[in-house]
Amino acid sequence: MTSSRTTPALTPDTPPTGLDASRLHPSVCDPVMDSMRLLSETAFRHPEAISFASGRPYEEFFDFADLHRYLDRFVAELRARGVPDQRIKRAVFQYGPTAGVIRDDVARVLATDESIHVDPDAVLITHGCQEAILVALRGLFTSPDDVLLTVSPCYVGITGAAKVLDIPVEPVQEREHGLDPDDVAVAARRVRAAGKRPVACYVTPDFANPSGHSLPPAARRRLLRVAETEDLLILEDNPYGLFGREGATFPTLKALDRSRSVIHLGSFAKTAFPGARVGYLVADQPVVTADGTTRPFAEELAKVKSMVTVNTAGVSQAMIGGLLAETGYSMRAATRGLADLYVGHLELTLECLAEHFPPAAHADHGVRWNVPTGGFFLLLEVPFEADLAALERSARDHGVAWAPMSMFYVGDGGTRVIRLGYSSLTREEIREGITRLAHFIRASTPPRPSASAGAGEAA
Ligand SMILES: Cc1ncc(COP(=O)(O)O)c(C=O)c1O
């Protein structure tokens, strides 16, 4: 008699256990989560294509020798502060404090560069800005009725993190020149009228990804007033803020924040290097705990982080810590040359576009673009659907890649718009890339019967 407890042997023909996609968390199969993968796959299939698709920093200056020097500098700096070698070793080699070992250094840089004056306890060092986003959302959103407002179009990392955490998102559409703070108030009221609670609004006030827009100072102040009157927190994401023309950047929302309405999210990915995966958040909102003590929100969020990544890698923090010491604790000063390079790339991209698509002949070619004042991105409007199929044609037949803007919208939008990221390219690649892009656009543009009507419109 065969025992019913006998386990059948696995053979090479045993079908694998299937997982039904409909029973997985919805974020796993959501198109938002796939957008970065789809862009990378296009790049992988067409490695010869010049790619305007990414927001990678310029890599010509990366140097292995820097890594060793930063590490040595970090150790020397701690020794100079009287920290015993045993503790320095632990900071680099061991599991470390969840909140981070370079909080004081980051607080010092924020004071110098941004006039953000906070206690280091209000700083949490994270595994890139992306983790800061995730941790902040987890700490703030408690019920399915808690809604995140976000400017749209926006960085996919915010909508993706909201998806992972089941947080409903209400878009606040950018206008032609960027966000209008009054629209945030309208969206907050709309959410309340639907019986839900608007908790926070995500914005990138400086050289936004993807639009390149920046919020003028008066609008920043208005946004802070809206946050107060609508009882909203602002999630200010600021990876690109230093990359404007010299002396032409605006104060961050956090620097203007008098009511602790702003949680500031930062990154060393673009100012230093993304391989370190070091970011941070500043959350100085006082939280009164059950035992009656008051602690900055960042310290409470550290508990969430401890269950996500335990702590940010000590080696990475040491490298960034050493770099900060080397810069005299000013990334603004240290990245001035890099900022000039990016502004130069932006200007060159704009010049090349104007050569191929003279603004005065807009009615003939149907192409126009916005003119950001810094950052990594600009938007290009084209007279056809700029979707993934078009991207494939562009990369395969014309050797140039870009990002479809529809990927960055909450809901519909951006179907005829391209995001051009010029940060990682050389000047030669930008010239050649825009020439190829112009060929692709011409090849994809349907014939325009009344081509000369309305000529003279500015881009
Ligand atoms: C607006 C924005 N926020 C956050 C990030 C993620 O930064 P990190 O690489 O530090 O996680 C990016 C990366 O491109 C970004 O564009």
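Okay, so let's go over this structure. All chains use their own residue numbering, which begins from 1 and follows the written sequence. Residue-level local features of this predicted model are given only where pLDDT is at least 70; pairs of side-chain atoms are given and counted only at 80 or more, and the full residue set underlies all totals for whole chains, interfaces and linings. To obtain the side-chain values, all non-hydrogen atoms of the structure were used and water was disregarded.

### Quick notes on the pattern of salt bridges
For this document, the term salt bridge refers to a Lys or Arg side-chain nitrogen within 4 Å of an Asp or Glu carboxyl oxygen. The tally for this structure, following the rule as stated, stands at 33 salt bridges. Measuring nitrogen to oxygen at the nearest pair gives 3.4 Å for the salt bridge that ties K163 to D30. On the criterion of sequence distance, the pair formed by K163 in helix α7 (residues 156-164) and D30 in the loop between α1 (26-29) and α2 (31-45) is long-range, its members being 133 residues apart. The salt bridge partner of R396 is D397, with a shortest N-O separation of 2.8 Å. Exposure is judged per residue with a 1.4 Å probe applied to protein chains only, and the accessible area is read against the type maximum: over 50% gives exposed, under 20% gives buried, and values in between give partly exposed. When its relative accessible area of 46% is taken as the criterion, R396 is described as partly exposed. A residue is classified by how much of its surface remains accessible, and D397, at 46% relative accessible area, is partly exposed. If you follow the salt bridges from partner to partner, you end up with R175, D180, D182, D183 and R222 in one network. Numbering goes from the N terminus for both helices and strands, where a helix is a DSSP run of H or I of at least four residues and a strand is a run of E of at least two.

### A few points about empty space enclosed by the protein
Over the atoms, a rolling probe the size of a water molecule traces out where space has been left empty. Grid spacing is 1 Å over the protein atoms alone, the probe is 1.4 Å, and a cavity is where that probe fits but cannot get out, while a pocket is an open set with protein on both sides within 12 Å along at least five of seven lines and lining residues have an atom within 4 Å of a point. Grid points are joined across faces, edges and corners, and a volume is the space filled by probe spheres set on the points. In total, this model carries three cavities of 30 Å³ or more according to the counting rule given. Volume-wise, the largest cavity comes out at about 160 Å³. Forming the walls of the largest cavity are 16 residues, and the residues nearest its centre are E114, L242, S267, T271 and Y280. Elements with a contribution of two residues or more to the lining of the largest cavity: α5 (103-114) and β7 (262-267). Per-element accounting of the lining of the largest cavity gives the leading share, four residues, to α5. Amino acids outside the nonpolar list (Ala, Val, Leu, Ile, Met, Phe, Trp, Tyr, Cys, Pro) and the charged list (Asp, Glu, Lys, Arg) are all regarded as polar, and Gly is one of them. Looking at side-chain class alone, the lining of the largest cavity contains eight nonpolar, six polar and two charged residues. As for the second largest cavity, its lining consists of V151, E174, H177, G178, L179, V203, T204, P205, A208, H213, S214 and L215. Its residues assigned to classes, the lining of the second largest cavity shows six nonpolar, five polar and one charged.

### Some words on the sheet that holds strand β6 (residues 233-237)
Taken in spatial order, the seven strands line up as β2-β8-β7-β6-β5-β3-β4 in an open sheet, and their pairing is mixed. Two strands in the sheet have a free side with no partner beyond their single neighbour: β2 (123-126) and β4 (169-173). Strand after strand, the sheet turns through a mean of 20 degrees between neighbouring axes, direction not considered. The rule for pairing is simple: two strands pair if DSSP sees at least two bridges between them. Pairing between β7 and strand β8 (residues 279-282): four bridges, direction antiparallel. If you follow L265 over to β8, its bridge partner there is L281. Inter-axis angles, ranging from 0 to 180 degrees, are taken between N-to-C directions of lines fitted to C-alpha atoms, where helices are fitted over the stretch in contact.

### Here we look at the packing of aromatic side chains
Working definition: a ring pair exists when centres of Phe, Tyr or Trp rings (six-membered ring for Trp) sit within 6.5 Å. Plane angles under 30 degrees give stacked, over 60 give edge-to-face, the rest tilted. Taken as a whole and assessed by the stated rule, the structure comprises 10 aromatic pairs. With a centroid separation of 5.7 Å and an interplanar angle of 80 degrees, the aromatic rings of Y240 and F377 are classed as edge-to-face. Separated by 137 residues along the polypeptide, Y240 in the loop between β6 and α10 (253-256) and F377 in strand β12 (residues 377-381) bring together distant segments of the chain. Overall, the relative accessible area of 4% leaves Y240 in the buried class. Relative to F440, the ring of W402 has its centre 5.9 Å away and its plane inclined at 35 degrees; by these criteria the two rings are tilted. Of the two residues, W402 is situated in the loop between β13 (400-401) and β14 (403-404) and F440 in helix α17 (residues 427-444); the sequence distance between them amounts to 38 residues. The same class applies to W402 and to F440, which are both buried. Cluster of aromatic residues (ring-pair linked, three or more members): Y240, F243, Y342, F376 and F377.

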